[in-house]
Amino acid sequence: MRMSLMASTLWRSRFRTLYIPNALVLFSSSAATVTPPNKNDSLSNAPSPPPIRVALTESAGRGVFATRRIGAGDTIHTAKPIVSYPSLSAINTVCYFCLKKMRTVTGSQPQGVCFCCENCRESSKVFYDVEKKADWLSFDEYCRTQGLKFPLLVKRLACMVISGAAPAGILDILQPASLTREMILKTEEGFHLLRNALVKSNIGDEHTSFLTKQWYTDVLARIHINAFRIELAAGAYEDLLSLASASIEAEAAVGNAIYMLPSFYNHDYPNTHIVWIENADAKLKALSDIDEGEELRICYIDVSMSYDARQSLLSQGFGFKCNCLRCLSGD
Ligand SMILES: C[S@@+](CC[C@H](N)C(=O)[O-])C[C@H]1O[C@@H](n2cnc3c(N)ncnc32)[C@H](O)[C@@H]1O
């Protein structure tokens, strides 16, 4: 593979450390690291921070860099979603909170949303109590008929904000897509349907005052760039079978989610990948040995695509001209 011939030192950073207060809080809270705890350390039961930091890259904005050597196959860190939502086609078959697949008895068809455990039901309670007050028929139908998944994340986030589970600006730190005037116009219908559903539910103006067209568009612009499509790793033969049939129907994803730290990973030939084992909790794993100072990169698209196909998808789908070393090398 041509990429592997590139000296890994090329990827070592000459970076400036960036202080991101909100992100740093999240870094340490969800850390699963490759550092064994020191038995003599009185804090040895506390999770160590992950061996990474967010810093400016030379040509792709902020990026994630290793603060020490990481071995191939190591889990670098884990991340819980800030906001997630099931695929509409999976709404009755995955947990409404963590997106874990529900075991269904053959012949029985679950009705309505479901939760895999009391913990998920409890964690959802605040925003689900808000959501249940509104009539989502028109909004969900709009998403379903137009094949839209991102407005569903905005709906979940709006309910979280109303319930007090999240601040209205929770995604502000993430990079937004630059939406064209035409794209902004297309978001208007979704905004009105979302706002109408919530306003008509008598939640109270004081709770919905954040829900302006500007807020809706700003959130969508960030979701557009940073959302992850979640496909669970198959754990059992029956999962493999259902994944296979789901893929045929292009419905392999159980849902979509936004994370904080994983949103800072730039695109390149990957030395890192994200896996979801049984629910929307993400595991960032090293694909190869990574040196201290090296940038951690994931592949946003199918790694086997040609140079031209990658350039056009990254530009049209993600809105950026790829400056990764693989593309710069013409591979
Ligand atoms: C998910 S964000 C990654 C973090 C981002 N660099 C930041 O500062 O928040 C994706 C954005 O990062 C930039 N980016 C990621 N990979 C890139 C690449 N290979 N070449 C140029 N820009 C890239 C693009 O602006 C893209 O829209």
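Residues numbered from 1 in each chain as written. Predicted model: local features only at pLDDT ≥ 70, side-chain atom pairs only at ≥ 80, totals over all residues.

For the chain, an unreviewed UniProt entry supplies the name Histone-lysine N-methyltransferase ATXR4 and the organism Hibiscus syriacus.

Things to note about the overall build of the chain
Stated formally: A helix here means a DSSP run of H or I that spans at least four residues, while a strand means a run of E at least two residues long, and both kinds are numbered starting from the N terminus. To sort residues by burial, count the other C-beta atoms lying within 10 Å of each one's C-beta; a count of 20 or more means buried, 12 or fewer means exposed, and anything in between means partly exposed. C-beta atoms are built from the backbone. Any pair of residues counts as being in contact when their C-beta atoms, constructed from backbone geometry, are within 7 Å of one another.
Across its full length, the chain carries ten helices and eleven strands. Burial statistics for the chain: of 331 residues in total, 33% are counted as buried. When contacts within the chain are restricted to residue pairs at least 6 apart in sequence, long-range pairs at least 24 apart make up 71% of them.

A few points about the sheet that holds strand S5 (residues 83-86)
Short version of the rule: In this description, strands pair whenever DSSP reports at least two bridges between them. Lines are fitted to the C-alpha atoms to define the axes, a helix being fitted only along its stretch in contact, and any angle between axes, read from their N-to-C directions, falls within 0 to 180 degrees.
Judged by pairing direction, the sheet is antiparallel, and its three strands sit side by side in the order S5-S7-S6 without closing on themselves. In the strand order of this sheet, the two ends are held by S5 and strand S6 (228-230), each with one partner. When the angles between neighbouring strand axes are averaged without regard to direction, this sheet yields 20°. Against the sheet, helix H4 (residues 150-163) makes contact with S5 and strand S7 (255-258), and its axis sits at roughly 125° relative to S5, the strand it touches most.

A word on the sheet that holds strand S4 (residues 75-79)
The antiparallel open sheet is built from three strands, whose spatial order is S4-S10-S9. Each end of this open sheet is capped by a strand with a single partner; those strands are S4 and strand S9 (272-276). Neighbouring strand axes in the sheet, compared pairwise and without regard to direction, differ in orientation by 25° on average. Inspection of the sheet shows S4 paired to strand S10 (residues 282-286) by four bridges, in the antiparallel sense. Paired with Thr75 across the bridge in S10 is Lys285.

So, the domain arrangement of the chain
What counts here: Segmentation of the chain into domains, including their bounds, is taken from an automatic or database domain assignment.
For the chain, the assigned domains are domain 1 (2-76 + 264-328) and domain 2 (83-257). Each partner contributes residues to the interface: domain 1 has 13 residues there, and domain 2 has 18 residues. Elements that contribute at least two residues to the side of domain 1 that touches domain 2 include exactly helix H1 (21-29) and S9. Counting residues per element, the side of domain 1 that touches domain 2 draws most heavily on S9, at three residues.

Points about helix H7 (residues 213-226)
To be explicit about the condition: By this rule, a helix spans an expected 1.5 Å times one less than how many residues it contains.
Its 14 residues place the ends of H7 20 Å apart at the C-alpha level, agreeing with the 20 Å of an ideal helix rising 1.5 Å per residue. Of all the positions in H7, only Tyr216, Val219, Leu220, Ala221, Arg222, Ile223 and Asn226 are classed as buried. Structurally, H7 contributes buried residues whose contacts are with H4, helix H5 (181-200) and S7.

Quick word on the packing of helix H3 (residues 137-146) against H5
Two quantities define a packed helix pair, namely the angle between the axes and the distance from one axis to the other. Formally: Here the word oblique covers every angle except those under 35 degrees (roughly parallel), over 145 (roughly antiparallel) and from 65 to 115 (roughly perpendicular). Rotating anticlockwise by less than a right angle from the far helix to the near helix defines a left-handed crossing, while the corresponding clockwise rotation defines a right-handed one. Amino acids are sorted into nonpolar (Ala, Val, Leu, Ile, Met, Phe, Trp, Tyr, Cys and Pro), charged (Asp, Glu, Lys and Arg) and polar (every other residue, Gly among them).
At a closest axis distance of 8 Å, the pairing of H3 and H5 adopts a crossing angle of 155°. With respect to each other, H3 and H5 are oriented roughly antiparallel. Relative to H5, H3 is oriented so that their crossing is left-handed. On the side of H3, the interface is formed by Ser138, Phe139 and Tyr142, while H5 contributes Glu189, Gly190, Leu193, Leu194 and Ala197. Across the contact of H3 with H5, the residue classes tally to five nonpolar, two polar and one charged.

What to know about helix H9 (residues 307-318)
Taking 1.5 Å per residue as the helical rise, H9 with its twelve residues ought to reach 16 Å, and the 16 Å between its terminal C-alpha atoms agrees with that figure. Little of H9 is tucked away, with one of its twelve residues classed as buried. Where H9 terminates, the next one or two residues include Gly319, which has phi positive at roughly 80°.

Here we look at the site of the ligand
The criterion, for reference: As a rule, any residue with its backbone-derived C-beta atom within 6 Å of a molecule or strand is reported as near that molecule or strand.
Of all residues adjacent to the ligand, which total 18 residues, the nearest are Ala60, Gly61, Arg62, Asn266 and Cys324. Mapped onto the shell around the ligand, the elements with two or more residues apiece are strand S3 (62-66), H7 and strand S8 (266-267). Split by residue class, the shell around the ligand holds seven nonpolar, nine polar and two charged. Inspection of the shell around the ligand shows a minimum of three residues originating in each of domain 1 (2-76 + 264-328) and domain 2 (83-257).

Some points on unusual backbone geometry
In the Ramachandran plot, Leu99 falls in the positive-phi region, its phi being about 70° despite a non-glycine side chain. Within the secondary structure, Leu99 is located in the loop between S5 and helix H2 (118-133). A positive phi angle is found at Asn202, which is not glycine, with a value near 60°. Relative to the elements of secondary structure, Asn202 occurs in the loop between H5 and helix H6 (205-208). Judged by C-beta crowding, with 8 C-beta atoms within 10 Å, Asn202 ranks as exposed.

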